[in-house]
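Here are the chains, one letter per residue:
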Amino acid sequence: MVVTSSRLHAVRYKQALDKYILEKHYSHLQTLVAFSGTVIDSPESYTESGMNRFPESQTAEHFDSDDYQVLIVAEKFQTGFDQPLLHTMYVDKGSPA
């Protein structure tokens, strides 16, 4: 799990990790993102369901499968997320430059 400092950072982390996974041919790895609402990164706008390609209500269920290995979050799943498979959390809560 990667905990980001903002919803915009969650979007950009997912984009960067997906690009890295593709470039390195790590086809066995997939990421999910979790955040509320719509994020505007001009000129584009992003939603959790749009980036994950399934309804927001299914994010936890999909992360509980073998299909996804990384969950990138902003303002969701940070407390009370009961996931036995979760073993590492990277927290990037620094202020943006």
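Refer to the structure printed above.
Residues numbered from 1 in each chain as written. Predicted model: local features only at pLDDT ≥ 70, side-chain atom pairs only at ≥ 80, totals over all residues. Heavy atoms only, no water.

J.: Account for the pairing of strand β2 (residues 31–34), naming residues and giving values.
T.: Neither face of β2 is open: one carries Thr-31 and Val-33, the other Leu-32 and Ala-34, and all of them are buried. Sheet analysis places β2 next to strand β5 (residues 70–73), joined by four bridges and oriented parallel. From the neighbouring strand, Ala-34 faces β5, where its bridge partner is Val-73. (Buried < 20%, exposed > 50% of the residue type's maximum accessible area, 1.4 Å probe, protein only. Helix = DSSP H or I, 4+ residues; strand = E, 2+ residues; numbered from the N terminus. Pairing = 2+ DSSP bridges.)

J.: Go over the nonpolar core with me, naming the residues and quoting the values.
T.: With 10 residues, the main nonpolar core is built from Val-2, Ala-10, Val-11, Val-33, Phe-35, Val-39, Tyr-46, Met-51, Ile-72 and Ala-74. Not counting chain neighbours up to four residues away, the residues in contact with Val-39 comprise Arg-7, Leu-8, Val-11, Glu-44, Ser-45 and Tyr-46. The next biggest cluster of nonpolar side chains, apart from the first, holds nine residues, and it includes Phe-63, Tyr-68, Leu-71 and Val-73. (Core = buried A, V, L, I, M, F, W, Y, C linked by side-chain atoms within 4.5 Å. Contact = heavy atoms within 4.5 Å.)

J.: Quick rundown of the packing of aromatic side chains? Include the residues and the values.
T.: Tallying each qualifying case throughout the model produces two aromatic pairs. For the pair Tyr-20 and Tyr-26, a centre-to-centre distance of 6.2 Å together with 55° between the ring planes defines the contact as tilted. Residue Tyr-26 is classed as partly exposed on the basis of its relative accessible area, which comes to 31%. (Phe/Tyr/Trp six-rings, centres within 6.5 Å; stacked < 30°, edge-to-face > 60°.)

J.: Can you tell me about a negative patch on the surface, naming the residues and giving the values?
T.: On the surface, a cluster of negative charge is made up of Glu-61, Asp-64, Asp-66 and Asp-67. Here Asp-66 shows up in the loop between α3 (59–63) and β5. For Asp-66, a relative accessible area of 72% puts it in the exposed group. (Patch = residues over 30% accessible without salt bridge, like charges linked within 9 Å, V, L, I, M, F, W, Y side chains within 5 Å. Areas by Shrake-Rupley, 256 points an atom, 1.4 Å probe, with all protein chains shown as cover. Salt bridge = Lys/Arg side-chain N within 4 Å of Asp/Glu carboxyl O. Lys, Arg positive; Asp, Glu negative; His and termini not counted. Charge placed at Lys NZ, Arg CZ, Asp CG, Glu CD.)

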